[in-house]
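Remarks on the overall topology
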Number of protein chains: 4
Amino acid sequence: MNRRLKVGIIGAGRIGRLHAEHLAFRIPDAEVVAIADPFVENARRCAGRCGIPKVFEDYHDILNDPKIDAVIVCSPTDTHAKITIESAERGKHVFCEKPISHDLKEIDDVLNAVEKSGIKFQVGFNRRFDSNFRRIKKAVESGEIGDPYIIHVISRDPEPPSIDYVKSSGGIFLDMTIHDFDMVRYIIGDEVEEVYVVAGVMVDERIGEVGDLDTAIITLRFRNGVMGTIDNCRKAVYGYDQRVEVFGSKGVISAQNNYPNNTVRGDETGFHRDPPLRFFMERYIESYVEEMKEFVNAVLNDGQVPVGGIDGKIPVVMGMAARKSYDENRPVKLSEICSI
Amino acid sequence: MNRRLKVGIIGAGRIGRLHAEHLAFRIPDAEVVAIADPFVENARRCAGRCGIPKVFEDYHDILNDPKIDAVIVCSPTDTHAKITIESAERGKHVFCEKPISHDLKEIDDVLNAVEKSGIKFQVGFNRRFDSNFRRIKKAVESGEIGDPYIIHVISRDPEPPSIDYVKSSGGIFLDMTIHDFDMVRYIIGDEVEEVYVVAGVMVDERIGEVGDLDTAIITLRFRNGVMGTIDNCRKAVYGYDQRVEVFGSKGVISAQNNYPNNTVRGDETGFHRDPPLRFFMERYIESYVEEMKEFVNAVLNDGQVPVGGIDGKIPVVMGMAARKSYDENRPVKLSEICSI
Amino acid sequence: MNRRLKVGIIGAGRIGRLHAEHLAFRIPDAEVVAIADPFVENARRCAGRCGIPKVFEDYHDILNDPKIDAVIVCSPTDTHAKITIESAERGKHVFCEKPISHDLKEIDDVLNAVEKSGIKFQVGFNRRFDSNFRRIKKAVESGEIGDPYIIHVISRDPEPPSIDYVKSSGGIFLDMTIHDFDMVRYIIGDEVEEVYVVAGVMVDERIGEVGDLDTAIITLRFRNGVMGTIDNCRKAVYGYDQRVEVFGSKGVISAQNNYPNNTVRGDETGFHRDPPLRFFMERYIESYVEEMKEFVNAVLNDGQVPVGGIDGKIPVVMGMAARKSYDENRPVKLSEICSI
Amino acid sequence: MNRRLKVGIIGAGRIGRLHAEHLAFRIPDAEVVAIADPFVENARRCAGRCGIPKVFEDYHDILNDPKIDAVIVCSPTDTHAKITIESAERGKHVFCEKPISHDLKEIDDVLNAVEKSGIKFQVGFNRRFDSNFRRIKKAVESGEIGDPYIIHVISRDPEPPSIDYVKSSGGIFLDMTIHDFDMVRYIIGDEVEEVYVVAGVMVDERIGEVGDLDTAIITLRFRNGVMGTIDNCRKAVYGYDQRVEVFGSKGVISAQNNYPNNTVRGDETGFHRDPPLRFFMERYIESYVEEMKEFVNAVLNDGQVPVGGIDGKIPVVMGMAARKSYDENRPVKLSEICSI
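Read on for an overview of the structure. (Residues numbered from 1 in each chain as written. Chains lettered and ligands numbered in written order. Predicted model: local features only at pLDDT ≥ 70, side-chain atom pairs only at ≥ 80, totals over all residues. Heavy atoms only, no water.)

1. Here's the deal with the interface of chain B and chain A
Note the following rule: Any pair of residues with heavy atoms lying within 4.5 Å of one another is described as a contacting pair. Note: buried area is the sum, over both parts, of the accessible area (probe 1.4 Å) each one loses when the two are combined. Salt bridge, as used here: a side-chain nitrogen of Lys or Arg that lies within 4 Å of a carboxyl oxygen of Asp or Glu.
Contact residues are listed per partner, giving 39 residues for chain B and 39 residues for chain A. Overall, the association of chain B and chain A removes approximately 3,000 Å² of surface from exposure, summing both partners, and the carbon and sulfur fraction of that is 69%. If you sort the residues of chain B by the area they bury against chain A, Met202(B), Met227(B) and Phe247(B) come out on top, with a joint share of 20%. Linking chain B with chain A are four salt bridges.

Okay, here's the thing in structure tokens:
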């Protein structure tokens, strides 16, 4: 591996800038050679900060650059599929932010294009790379907790997004729960067969007014008999709450939250610790670095990407089933949405 | 309150002996004057240990003793209703172990008899008196965590009971979850409208062979919009697991398990603490004392009992709805079982 | 063991009443037949509450009662030695609150009288019976943490006592640290050879004005090479702070504080738990019951008492060495105080 | 700040390479233009990895390069003073690894040279930049815990260094405790007046054979009356143990260890978590980055360095006083070593 991967970044929004910084400063094996964004000023600022030589308005300039090995797709969700397919056609490896699309047909088109082209294609489910959840995965895989019986995921945001964001988010299940759907598949290593949802609008009435929900419990039944729940809320005043527990025949393993420091303070009213890391970029900073390192590594060494195309599709199916379950107040099988 | 409550205990099994010891040694305001059990030797041994003057084979000897103010019903479940009704007819106050009955008609008969007689009638849901769950109740009531959104109960036993016990237990929902049904009603202070169950036999096939389940997740929807889950398993190798969490608009409160000591030990493999209290009688010893103190106090001072007849009925209805939900794999409203 | 130990209690102050309640309600093998106190009204109230038949003003009435097997000495410290010696002369077993005396000559007189008479003599170092510290003792004894290198004790009170109490307390080292001196001997199972003290008056100037200290760190060197520290303060606003840590060749074990409940609450400012148990009688209630059970048991079964006369003497020697070290700002050997 | 600081690194050992990576990949405002090491191969490998253009055998080539603004001194301890003085004479700012020297005369020479030249001079006490200890510092400074009374530092290494290292280390107090001496000064914000040491050889006899100690408790008395202890050991089997507690008039604050993940696993033997971060480079990685960022920032913006020359001198004085206290078994005032 005596050469560096040449990368182009498409999209200089929040997540594009995050990947740019990691690729520039934390991942010696990669080199960002170009960044593109229709708001070219954003791309320019990011390029300045990260020492990226080329800045484009049109992402096709990246796709057409023969020196670029791989693209990082951080554009708006509704362009992910199109850009990925175009990249595949030009033989460029793709790291694509989640979700691939909110449309199953489009996702299948992407998966077909990827397969036909033979490129590496990784979907940005970064939480798999978090040290807490990796430790849980290891406990399940290694048999430390025996046969898994039950998985619980608690995943609550510190603040709801703007109503504008909510409107175009695809709904809580495709926007927020999608990460947790990926998490339960990753940890249990099997597919969910059926979901049942109770949900409501508790945090902000305006979220309900645009047809979405802000609080939900999703009950899961896996093909192998494991059961589980996902607890989502758009607002937890005490910060970003990201916990997972797996209970099995030989024990239990639980991930607690991460904190900015490990101090505890006592006073007349009791003992206190500061709130957990509040912002997802702080909380998952290392997992973002790690997923990108593994992508770079998979491309350079012709290895397997850790999160493939099918991993991008199934959580979308789960999100659709969840919404259907809520709408019809009954358990819904994933096979009602599509065959997998 | 310058007199002591004169109490008779019916049933000298495990739980009867527990109450006898507490009444004798921990509750100065009560005096156990008699204990009855068809296995009279059991009653005699308990009487010897606790200094109880009278021992009977037939519990009617207690009911007919005019000096006895109150009876503690610790006989087999299928006799609870009959004995309570007979006690009510004789004007004796009753503390009755849970459940009142597995038959809704019988429960209604008990509730009617109690109402007609005007006796105090308390049902033995001891966990309400546990200091952890009381603290959570207080947080919910006082508004410390704002409006509650979600409640989670984890309630796992260290070991399954014998298959003989399972056969006559009424099933996991009436035998085990019933405590958790009471807990969620107590803490949220509102009624559950609908339940949905996923469940299975994961611990011991023989439990399935007799028609019961050993592992379950019960999803709850309250009338006030609160959602919740109960996680039950008959066997957690790491001990008795009794946790509750309530999440609300202003925060969250979680009860962790209780341990025999608060030491933590570090060695080459990491940091360790001994398993939590394993046996329910150790774990809930103080809550058993406390519920009995409150009963004695309510009778002596003509106060309100903390857990009344309706609190004995509704968890049975919830258990029936849970089984129906499992059998039919759909959410079931409590009103499908009976009107409350 | 088919008979109960007949006990008389001398002193109906706070600690006498505590032992009376435990003997009456928690220890079936004992029977309190008399209680004496010059403030006879105190003794009478306690007798009423605990069902003690005889009440005396003069403790000699207890010593002269041939039916009484054992006395519990809870009178003021300066009478402990005299009463114990008189009890020994009458062949009555003695449980004596700590300290035996502040005068080494008097202590030796007690030890001689006890030896001559052959009575059981237990000193009231109740903390040895606490489940946390017992677990640490077990870890040291069993080799779980290998050879011990270092012991740390943190022992801070929630509130300083009254200045009147301080004046007659014998000073912080004989009044407060004495418990910790006992604890380090108990856990390490060897004797301290030398102590060094830094201390000051930080909490309340009036404590300094009467010649005492309120905050201190005592450094310890054991004969077997183990080192340690004791951290004492008369006032910790967050409650009663009672921690011990032992570090050794194979690991470390630490006891955390005990809390009234195990709930943790999160809000915008972070995560919180209620203060630890604040009052020593709550914190050590079970250890008080336990030490008395073991005393009763040792007498009834002619066993060995768990805390003997020499255990009452050495902590006093350590307290004297500590004060000398503070006064002269140098390490002081226990052998400078007396030979042991 | 539109220019980057041009830095030369002297010494390509473990700590030099660490700083090189941070400056190259984590600190955009700096640019490493050269690295020097007599083992030039080491320097070359590091330069390759970090993209450093120039590699020298002789550090004078760095000092003589007029384009270099600042040097990072990571050479062997006995060269720190000489190189720093030479750098000062050439007007190059210096970040110098701790300790400046083991010779007080040399340290004073450095301090004089720094003062005369007007360069920025920062000493590498990285732990001040750790988020746990910063939080404690903030609690003390802000008055959150009131007036500090007592500080405890526990600082135990996972493994002793090689005997060769021990021989030239300057002894435990100058090599290991020196970090803790810096920590207590930093947190309390006042100077220690007197120290007293108990210590021994418990981990490895060979450490004793070369005249050093491996386990120690250092008792501290500050000028402002605060007391404290430092607990050091060269080997804690459970990993790197780095804790600090400060107790004051309004509360207490304690830093616990940092762990590779926040999961807890339960099985039949209890609850477990993996050992804390074992290696100082993992444990303090962020604090190393942070100290260097602050140095770069101080130079670029002509600000004050956070750890100055006097902060490099006083811990050495404390280490000498500690050794003298051990040798003479008595408390030793820092003023016995030198006036500060």
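2. Overview of the state of the cysteines
Covalently bonding the sulfur atom of one cysteine to the sulfur atom of another cysteine gives a disulfide. Stated precisely, the cut-off is as follows: Any cysteine sulfur atom paired with another within 2.5 Å is treated as part of a disulfide. Remark: exposure states derive from per-residue accessible area (1.4 Å probe, protein chains only) relative to the maximum for the residue type, with buried under 20%, exposed over 50%, and partly exposed in between.
Counted according to the given criterion, the structure contains zero disulfides over all chains. Counting only cysteine sulfurs, Cys46(C) is the nearest neighbor of Cys50(C), a cysteine outside any disulfide, at a range of 4.3 Å. Counting only cysteine sulfurs, Cys96(D) is the nearest neighbor of Cys74(D), a cysteine outside any disulfide, at a range of 8.5 Å. You can call Cys74(D) buried: its relative accessible area is 8%.

3. Points about the sheet that holds strand 5 (residues 93-96) of chain A
Residues and elements named next belong to chain A. Rule in force here: Note on pairing: DSSP must find at least two bridges between two strands before they are called paired. Per the convention used, a helix needs a DSSP run of H or I reaching at least four residues, while a strand needs a run of E reaching at least two, with both numbered from the N terminus. Lines fitted to C-alpha atoms define the axes here, with helix axes fitted over just the stretch in contact, and angles between the N-to-C directions of these axes take values from 0 to 180 degrees.
Strand order in the open sheet formed by six strands is 3-2-1-4-5-6, and the pairing between neighbours is parallel. Two strands in the sheet have a free side with no partner beyond their single neighbour: strand 3 (54-56) and strand 6 (121-123). Along the sheet, successive strands turn relative to each other by an average axial angle of 20 degrees, direction set aside. Sitting on the sheet, helix 1 (residues 14-25) is in contact with strand 1 (5-10), strand 2 (30-36), strand 4 (70-73) and strand 5, with an inclination near 165 degrees to strand 1.

4. Re the environment of Ser87(D)
All names here are of chain D. For the record, the criterion: Residues adjacent in sequence count toward polar contacts only when both atoms are side-chain atoms; beyond that, a polar contact is any pair of N or O atoms within 3.5 Å, and within protein one must be able to donate a hydrogen and the other to accept it.
Positionally, Ser 87 belongs in helix 4 (residues 77-89). For Ser 87, a relative accessible area of 0% puts it in the buried group. Note: C-alpha distance between Ser 87 and Leu 220 (133 residues apart in sequence) is 36 Å. Sequence-distant contacts of Ser 87, defined by excluding residues within four places in its chain, comprise Leu 63, Val 71, Lys 92 and Val 94. A distance of 2.8 Å separates a polar side-chain atom of Ser 87 from the backbone oxygen of Ile 83.

5. Focus: the packing of helix 6 (residues 131-142) of chain A against helix 9 (residues 177-188) of chain A
Residues and elements named next belong to chain A. To keep things clear, this is the line we draw: Think of it as three bins: nonpolar holds Ala, Val, Leu, Ile, Met, Phe, Trp, Tyr, Cys and Pro, charged holds Asp, Glu, Lys and Arg, and polar takes everything else, Gly as well.
The geometry of helix 6 relative to helix 9 is characterised by a closest axis approach of 8 Å and an angle of 35 degrees between their N-to-C directions. In this structure, helix 6 contributes Phe 133, Arg 134, Ile 136, Lys 137 and Val 140 to the contact, and helix 9 contributes Met 183, Tyr 186 and Ile 187. Counted by class, the contact of helix 6 with helix 9 contains six nonpolar, no polar and two charged residues.

6. Observations concerning helix 12 (residues 285-300) of chain D
The periodicity of an α-helix, 3.6 residues per turn, causes residues three or four places apart in sequence to face the same way. Residue and element names in this part refer to chain D. Formally: Here, expected helix span is obtained from the residue count minus one, scaled by 1.5 Å.
For helix 12, which comprises 16 residues, the first-to-last C-alpha distance of 23 Å matches the rise-based estimate of 22 Å (1.5 Å per residue) to within 8%. Of the positions making up helix 12, those classed as buried are Ser 287, Tyr 288, Val 289, Glu 291, Met 292, Phe 295, Val 296, Ala 298, Val 299 and Leu 300. Asp 302 lies just past helix 12 and shows a positive phi near 50 degrees.

7. Points about the pattern of salt bridges
Under the criterion given, the structure shown has 160 salt bridges over all chains. When the shortest N-O distance is used, the salt bridge between Glu194(C) and Lys333(C) registers 3.2 Å. Linking Glu194(C) in strand 8 (residues 192-200) with Lys333(C) in strand 15 (residues 332-333), this pair joins segments that are 139 residues apart in sequence. Look at Glu194(C) and you get buried, because its relative accessible area is 5%. On the basis of relative accessible area, Lys333(C) is assigned to the partly exposed category, the value being 34%. Put simply, Arg265(D) and Asp267(D) hold a salt bridge, and the shortest N to O gap is 3.2 Å.

8. Some details on the interface of chain C and chain A
Contact residues are listed per partner, giving 14 residues for chain C and 14 residues for chain A. Carbon and sulfur atoms supply 62% of the area buried between chain C and chain A, which totals about 1,100 Å² over both sides. Taken as a group, Tyr238(C), Glu268(C) and Phe271(C) account for 45% of the area that chain C buries against chain A, more than any other trio of residues on that side. Inspection of the region where chain C meets chain A yields zero salt bridges. Counting the contacts that link chain C with chain A gives three residue pairs in polar contact (both at pLDDT 80 or more). Among the secondary structure elements, those contributing two or more residues to the side of chain C that touches chain A are strand 13 (263-267) and strand 14 (270-273) of chain C.

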